[in-house]
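# Remarks on the overall topology
So you can see what is in the structure, the chains are spelled out below.
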Amino acid sequence: MSAPLKAIDGSADLPALMNELASRARAAARVLALAPGDQKNRALEAMERAIRADAGSILAANAEDLAEARAAGATGAFLDRLTLTPARIDAMADGIATVRDIPDPIGAVSESWQRPNGMVIERVRVPLGVIAVIFESRPNVAADAGVLCLKSGNAVILRGGSDSFHSCRAIHQCLVQGLRDADLPEAAITLVPTRDRAAVGLLLSGLNGGVDVIVPRGGKSLVARVEAEARVPVFAHLEGVNHVYVDRGANLEMAKSIVLNAKMRRPGVCGAAETLLVDRAAASTALKPLVAMLIEAGCEVRGDAAVQQTDPRVKPATEADWDTEYEDAIIAAKLVDGLDQAIAHIHNHGSHHTDAIVTEDEAAARRFLREVDSAIVLHNASTQFADGGEFGFGAEIGIATGKFHARGPVGAEQLTSFKYRVHGTGQTRP
């Protein structure tokens, strides 16, 4: 067993530490790539047990992080993203159980065919190698990323935000316990043991070939930095400027339920709705009830002139509001002239993350689902279903908004590549 990496606060030894960390992760990745599915599942089962058994220690560590964040003047939305509760820890453990029970993607044959010369060619899923996940305030990402990488045969280097440092360390100890119990290398899931921001730059450099893929999970500034500086491939997880469009064919009670959930269930998550679009043809019956409902639920509404006229509590929207991910109890609202204008607004202002239509008009729904170019599009459902757990993946590393390799919730299957296996009977090429 390798000697543990100690937590450090200074940067003098940071390059050496990070290179050692990557070297251990690379060695662990070679082991994981060949580990049988039942061994990985034993580790996941042990991790689930450890998370449940150590819930008290995790909550105590999280309380330290919360106290520091409050002292630093963190917003309510930020504190919500940082907070762990018994229910959220249970959900974390449940997610591990779901990941354990999904089919092992490694070695799965996605396609097979025979050539005229008799050769049989198979396309087979293989791990990516070493994945670096750089995330900010949500400590549950440590568990989600760790178990998904393990299931998909990848080693992972986790660099959590300084605000969630204590929580991530407590969760990581549970993950390491699971690896030990299944006789898998502890470096398969490594947590960078420092808050030093220079560690991010070292990860972005690729650590001399030690990192194969980088996944940023955080705000726009983090993702922009990663995409600008990374010397290895990046799974882009951009901001969630998400829309709910209430069509003229919407059922009002359904629309109210969906809009309220999409915005206010957890305003700080990336699947929260940030803009409400209402068909002008439905304004006389739908707009005022929707706006009043949101305001009475504690949501600030910023609207165009037409929306402002429905309720004196609505604040004027600026052009910037249509492009803003608030991550808070704030929503921009606008009247649009039907489906064409709604789709155009989403195209011009959205982030290709998650967008929803509420309507009983099936033709309108089909057009919306076909023409809105987002990773997730929904009909008559809340945008807060933009989550790997809700898709049956158990967890997610994030929502990929790019179009290469992975898009939407990134689960175990999306953390694989493929190779070709060719079976011959002595064929040579003329």
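Residues numbered from 1 in each chain as written. Predicted model: local features only at pLDDT ≥ 70, side-chain atom pairs only at ≥ 80, totals over all residues. Heavy atoms only, no water.

### Examining the overall build of the protein chain
Along the backbone of the protein chain there are 14 helices and 16 strands. What you see for the protein chain is a C-alpha radius of gyration of 23 Å, in line with the 22 Å of a compact globule of 430 residues. For the protein chain, the spread of C-alpha atoms along the three principal axes comes to 70 × 65 × 40 Å. Expressed as a percentage of the 430 residues in the protein chain, the buried residues total 54%. Of the contacts formed within the protein chain by residues at least 6 apart in sequence, a portion of 71% connects residues at least 24 apart. For the protein chain, the exposed surface amounts to about 18,300 Å²; the carbon and sulfur share of it is 50%. For the protein chain, the distance from the average site of its 45 positive side-chain charges to the average site of its 54 negative ones is 4 Å. (Helix = DSSP H or I, 4+ residues; strand = E, 2+ residues; numbered from the N terminus. Rg over C-alpha atoms; globule rule 2.2 N^0.38 Å. Buried < 20%, exposed > 50% of the residue type's maximum accessible area, 1.4 Å probe, protein only. Contact = heavy atoms within 4.5 Å. Areas by Shrake-Rupley, 256 points an atom, 1.4 Å probe, with all protein chains shown as cover. Lys, Arg positive; Asp, Glu negative; His and termini not counted. Charge placed at Lys NZ, Arg CZ, Asp CG, Glu CD.)

### Some thoughts on unusual backbone geometry
Non-glycine residue Asn208 carries a positive phi angle of around 55°. Relative to the helices and strands, Asn208 resides in the loop between α8 (198–204) and β6 (213–217). Although it is not a glycine, Glu327 sits at a positive phi angle of roughly 50°. Within the fold, Glu327 resides in the loop between β10 (315–316) and β11 (330–336).

### Some points on the packing of aromatic side chains
Here the structure, examined in full by the defined rule, presents 3 aromatic pairs. When the ring of Trp113 is compared with that of Tyr420, the centres are 6.3 Å apart and the planes differ by 75°; the resulting orientation is edge-to-face. Residue Trp113 is found in strand β1 (residues 109–114), and its partner Tyr420 is found in strand β16 (residues 416–423); the two are separated by 307 residues along the sequence. A connected cluster of aromatic rings, assembled from ring pairs, spans Trp113, Phe418 and Tyr420. Directly above the aromatic system of Phe418 lies the positively charged group of Arg123, at a separation of 5.3 Å from the ring centroid. One residue, Lys334, lies across the ring of Trp322, its end atom 5.3 Å from the ring centre. (Phe/Tyr/Trp six-rings, centres within 6.5 Å; stacked < 30°, edge-to-face > 60°. Lys NZ or Arg CZ within 6 Å of the ring centre and 35° of its normal.)

### Overview of helix α5 (residues 86–101)
The terminal C-alpha atoms of α5 lie 23 Å apart, and with 16 residues this matches the ideal 22 Å at 1.5 Å per residue to within 8%. When we look at burial in α5, the residues that qualify are Ile89, Met92, Ala93, Gly95, Ile96, Ala97, Val99 and Arg100. Check the buried side of α5 and you find it contacts α2 (37–53), α3 (55–71), α6 (140–151) and α7 (165–181). (Expected span 1.5 Å × (residues − 1).)

### Description of α6
Between its terminal C-alpha atoms α6 stretches 17 Å, which fits the 16 Å expected from 12 residues at 1.5 Å a residue. Here α6 lies mainly inside the structure; 11 of its 12 residues are buried. Buried within α6 we find Val141, Ala142, Ala143, Asp144, Ala145, Gly146, Val147, Leu148, Cys149, Leu150 and Lys151. Looking one or two places after α6, you find Gly153, whose phi comes out positive at around 75°.

### Notes on the pattern of salt bridges
For side chains of opposite charge, pairing can occur when their charged atoms come near one another. Counted according to the given criterion, the structure contains 32 salt bridges. Of the charged contacts, one joins Asp212 and Arg26 as a salt bridge, the two residues approaching to 2.9 Å between their closest N and O atoms. You can see Asp212 sitting in the loop between α8 and β6 and its partner Arg26 sitting in helix α1 (residues 14–34), a full 186 residues away along the chain. A relative accessible area of 22% places Arg26 in the partly exposed class. (Salt bridge = Lys/Arg side-chain N within 4 Å of Asp/Glu carboxyl O.)

### So, the sheet that holds strand β3 (residues 130–135)
Here 4 strands make up an open sheet; going across it, the order is β5-β4-β3-β6 and the pairing parallel. A strand with exactly one partner marks an edge of an open sheet, and here the two such strands are β5 (189–191) and β6. Neighbour-to-neighbour, the strand axes of this sheet turn through a mean angle of 20°, independent of strand direction. Here β3 runs beside β6; their pairing, made up of 5 bridges, is parallel. (Pairing = 2+ DSSP bridges. Axes fitted to C-alpha atoms, helices over the stretch in contact; angles between N-to-C directions.)

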